[in-house]
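# Structural overview
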Amino acid sequence: MADTSPLLSPSISPELEEDSIKKLAGSLDDTIEQCIGGFGLAQLLQAVLVSFAWVFDAQQTFISVFSDQQPSWHCTDANDRACRSATSPCELPISSWAWDRPLQTSMVSEWNLTCGSSLLASLPASSFYVGCLLGGLLLSTLADSCLGRKNMLLLSCSLMSLTGILTVFSNNVWTYSLLRFVSGFGRATIGTCALVLSTELVGKKWRSEVGVISFFCFTLGFLSLPLLAFLGSESSWRVLYLWTSAPTLCYCLFVYFLVHESPRWLFVRGRIDEAIRTLRKIAATNGHELDYDLSGFCPEEEPQNVNIFSAMKILWENRWTFRRLLAMMVVSFGVGLVYYAMPLAVEILNFNHFLSVTFNALSELPAALLTFFLIGRLNRRSMVLVFTLLSGATSIACGIMSERGGKRTKWVQIGLEVGSFFSACTTFNVLLIYTLELFPTCVRNSAVSLVRQAVVLGGAFGPVLVAVGRKEGGSPISFGVFGLAIGLCGLFVVSLPETRGTVFCDTMEEQEREERTETQDSAKA
């Protein structure tokens, strides 16, 4: 739609002044904001409810930290010198050692995977991330084309929840891995749809801050895992899946009845009547009254992306979108390697497992707060570059410290690990908001999803690196690779344009026109 034509044809009395009538004419971004306000009670409630999906997303993402952990063991005979000097139970007769906790507390001990292949022990976690990759590629474009943000969120949450409940009945590692793959496939678009939907409902002034609500919810979900795992530490790992999966079904009911579809997406898809009904409901909650005559409205452009894969095609065929997408995905790969794999790697540090995971989960909170306070003040490109380099440096230092012994060294090491994870969390948050601003509405969900899938791709390599580090009995390999990856990949951000303070564009033509104008203004200045 052209920027100069009104999107709604208002029914206005002749007594209104001409300049008042002009206030309703403008871009889609301006018109929606004038109808429902920049940020009111309706948008707040919608944003919080939609963003709460990240709680369940975080739980399923990091649940393998506890369900697939390497359990601690002890010697059955305290005087057995050979047992006490062994670093792994695989070197000992079965009768000389035992698990510290019941066999069913971890799938590794239940299915006797301790002494098997490192790839087999890491298969469920890796299968989950592979499922995320495939789901992101196949499902993300549906939110831009036929299903929309709300329906895609419902579909993803329902599939993830049902698969998590079925995981309780797994009887071997192969069935478990298959269900983890399906769970990852389903959850692939949860965070993307929730983030895009919540930010498209508010004015441009508040989008960055509203986006941070999702990160707080993700932190809440991550923090809940150590607590739930501790409460069920003597129970089966299956109980943890049940506790985290069943509430998601109840959440889906709230979304179905209480959440509105993005009016911006409805306009772009040509569903004008639905968009107006949605705007009226939101405006009523905010204390506004809208009385528009729709008979005079006629979109100047036909709806785009009628094919479910058209959004993906646009991203790959346009040179500037492909260049941006490629750079963002490279940066995201390095971030994902640290972000998803670091919580799995803490067990190599020989630190209290519940405590170390809690420290990592708690670091998400200051990362979200820092993003909230800095996102409106600093350039996105600079923030990504600084935090990726910081994460890489602290990760490498953590690996180097593992060569030294001592109780104090362990605390320094866990501090460096948490610092690296905190920096990766902050980078991840900024990357998602950055991606929202880099691409127009017609392909925004697909672009954000692909960037998230690149993060997941990095995470898919994590379990293997952790398994290798566990096998070698140390952390220099794992943490060294983590640090180098995120540090080098972060350098690709310098090829991207800065987006702080820019408006949300809706079509490819509008995005290109807006950037040409900015380039010309910069040249004149």
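Keep in mind that what you see is a predicted model, and the values were worked out from it rather than measured. (Residues numbered from 1 in each chain as written. Predicted model: local features only at pLDDT ≥ 70, side-chain atom pairs only at ≥ 80, totals over all residues. Heavy atoms only, no water.)

A word on the overall build of the chain. Along its length, the chain carries 23 helices and two strands. Every one of the 525 residues in the chain was classed for burial, and the buried ones make up 56%. Expressed as a percentage of contacts within the chain between residues at least 6 apart in sequence, the contacts between residues at least 24 apart total 83%. In the form shown here, the chain has an accessible surface area of approximately 21,500 Å², with 63% of it arising from carbon and sulfur atoms. (Helix = DSSP H or I, 4+ residues; strand = E, 2+ residues; numbered from the N terminus. Buried < 20%, exposed > 50% of the residue type's maximum accessible area, 1.4 Å probe, protein only. Contact = heavy atoms within 4.5 Å. Areas by Shrake-Rupley, 256 points an atom, 1.4 Å probe, with all protein chains shown as cover.)

A few words on the environment of Ser363. Residue placement: Ser363 occurs in helix 18 (residues 353-374). For the pair Ser363 and Phe422, spaced 59 residues apart in sequence, the C-alpha to C-alpha distance is 5.4 Å. When residues no more than four places from it in sequence are discounted, the contact partners of Ser363 are Val418, Phe421 and Phe422.

Below, the discussion takes up helix 10 (residues 173-187). Every α-helix winds through 3.6 residues per turn, so residues three or four apart in the chain are directed the same way. Helix length check: helix 10 (15 residues) gives 21 Å between terminal C-alpha atoms against 21 Å at 1.5 Å per residue, within 8%. The backbone nitrogen of Trp174 has a side-chain oxygen 3.0 Å away, supplied by the residue at the start of helix 10, namely Asn172. (Expected span 1.5 Å × (residues − 1). Polar contact = N/O pair within 3.5 Å; in protein donor to acceptor, adjacent residues only side chain to side chain.)

This part takes up the pattern of salt bridges. Throughout the structure, instances matching the rule amount to seven salt bridges. With its nearest N and O atoms 2.9 Å apart, the salt bridge here joins Arg149 to Glu200. You can see Arg149 sitting in helix 9 (residues 148-167) and its partner Glu200 sitting in helix 11 (residues 190-200), a full 51 residues away along the chain. In this structure Arg149 comes out as buried when scored by relative accessible area, which is 0%. (Salt bridge = Lys/Arg side-chain N within 4 Å of Asp/Glu carboxyl O.)

Residues Leu153, Tyr339 and Phe482 are the most contacted members of the largest nonpolar core, which totals 124 residues. For this core, the leading source of residues is helix 17 (residues 319-345), giving 14 residues. Discounting residues that sit within four places of it in the chain, Tyr339 has contacts with Phe62, Phe218, Glu364, Phe421, Ala424, Cys425 and Phe428. Judged by nonpolar contacts, the second largest core, of seven residues, contains Phe267, Ile272, Ala275 and Leu279. (Core = buried A, V, L, I, M, F, W, Y, C linked by side-chain atoms within 4.5 Å.)

What follows deals with unusual backbone geometry. Positioned with a positive phi, Asn112 is a non-glycine residue whose angle comes to about 55°. Positionally, Asn112 belongs in the loop between helix 7 (107-110) and helix 8 (118-144). For Asn112, a relative accessible area of 59% puts it in the exposed group.

The next subject is the environment of Asn429. Within the secondary structure layout, Asn429 lies in helix 20 (residues 407-438). Looking at Asn429, the relative accessible area reads 4%, which means it is buried. When the C-alpha atoms of Asn429 and Gly211 are compared, they prove to be 8.7 Å apart, with 218 residues separating the residues in sequence.

Here the focus is the packing of helix 9 against helix 11. Viewed as axis vectors pointing N to C, helix 9 and helix 11 meet at an angle of 150°, and their least axial separation amounts to 9 Å. The angle between the axes of helix 9 and helix 11 places the two elements in the roughly antiparallel class. Crossing handedness for the pair helix 9 and helix 11: left-handed. Across from Arg149, Lys150, Met152, Leu153, Ser156, Cys157 and Met160 in helix 9, the residues of helix 11 making contact are Ile190, Cys193, Ala194, Val196, Leu197 and Glu200. (Axes fitted to C-alpha atoms, helices over the stretch in contact; angles between N-to-C directions. Parallel < 35°, antiparallel > 145°, perpendicular 65-115°, else oblique. Left-handed = near helix turned anticlockwise from the far one by under 90°.)

Our focus in this paragraph is a nonpolar patch on the surface. A cluster of nonpolar side chains, namely Leu227, Phe230, Leu231, Leu242 and Trp243, defines an oily patch on the protein surface of about 540 Å² accessible area. Of all the secondary structure elements, the ones that give two or more residues to the nonpolar patch are helix 12 (207-231) and helix 13 (237-258). With three residues, helix 12 is the single largest residue contributor to the nonpolar patch. Tracing the sequence through the fold places Leu231 in helix 12. (Patch = residues over 30% accessible without salt bridge, like charges linked within 9 Å, V, L, I, M, F, W, Y side chains within 5 Å.)

In this section: the packing of aromatic side chains. Scanning the entire structure with this criterion turns up 27 aromatic pairs. An angle of 10° between the planes, with centres 4.2 Å apart, marks the rings of Phe62 and Phe222 as stacked. Of this pair, Phe62 sits in helix 4 (residues 53-62) while Phe222 sits in helix 12; the two residues are 160 residues apart in sequence, bridging distant segments of the chain. Accessibility expressed as a relative area gives 1% for Phe62, which makes it buried. Considering the side-chain rings of Trp237 and Tyr241, the 5.9 Å spacing of their centres and the 80° angle between planes classify their relative orientation as edge-to-face. You can see Trp237 and its partner Tyr241 sitting in helix 13, four residues apart, about one turn around the helix. Neither Trp237 nor Tyr241 differs from the other in exposure class; each is buried. Through pairs of rings, three or more aromatic residues link up here, namely Trp54, Phe62, Phe128, Tyr129, Phe215, Phe218, Phe222, Tyr339, Tyr340, Phe421 and Phe428. The lysine or arginine in question, Lys150, covers the ring of Tyr256, its NZ or CZ lying 5.7 Å from the ring centre. A cation over a ring is seen here: Arg452 above Trp54, with NZ or CZ 5.1 Å from the ring centre. (Phe/Tyr/Trp six-rings, centres within 6.5 Å; stacked < 30°, edge-to-face > 60°. Lys NZ or Arg CZ within 6 Å of the ring centre and 35° of its normal.)

Residue position: Thr427 is located in helix 20. Under the relative-accessibility criterion, Thr427 is labelled buried at 1%. Among the polar contacts made by the side chain of Thr427, one reaches the main-chain carbonyl oxygen of Ser423 at a distance of 2.7 Å. Ignoring anything within four residues of it in the chain, the contact list for Thr427 reads Val335, Val384, Phe387 and Thr388.

Glancing now at the confidence of the model for the chain. Taken residue by residue, the chain gives an average pLDDT of 79. The fraction at 70 or more is 82%. Of all secondary-structure elements in the chain, the lowest mean pLDDT belongs to helix 1 (residues 18-22), at 35, while helix 10 reaches the highest, 93. Here residues 292-306 is a poorly scored stretch, pLDDT under 50, and it has 40 contacts once near neighbours within four places are set aside; other chains count. (pLDDT = per-residue confidence, 0-100.)

Time to look at the side chain of Ser126. As for its position among the elements, Ser126 is in helix 8. Owing to a relative accessible area of 11%, Ser126 belongs among the buried residues under this scheme. Beyond its immediate sequence surroundings of up to four residues, Ser126 is in contact with Ala460, Pro463 and Val464.

This part takes up the packing of helix 3 (residues 41-51) against helix 12. Closest axis-to-axis distance for the helix 3/helix 12 pair is 9 Å, and the angle between their directions is 35°. Between helix 3 and helix 12 lies a crossing whose hand is right-handed. Each of Ala47, Val48 and Ser51 in helix 3 lies in contact with helix 12, whose residues at this interface are Val210, Ile213, Ser214 and Cys217. In terms of residue class, the contact of helix 3 with helix 12 is built from five nonpolar, two polar and no charged. (Nonpolar A, V, L, I, M, F, W, Y, C, P; charged D, E, K, R; others polar.)

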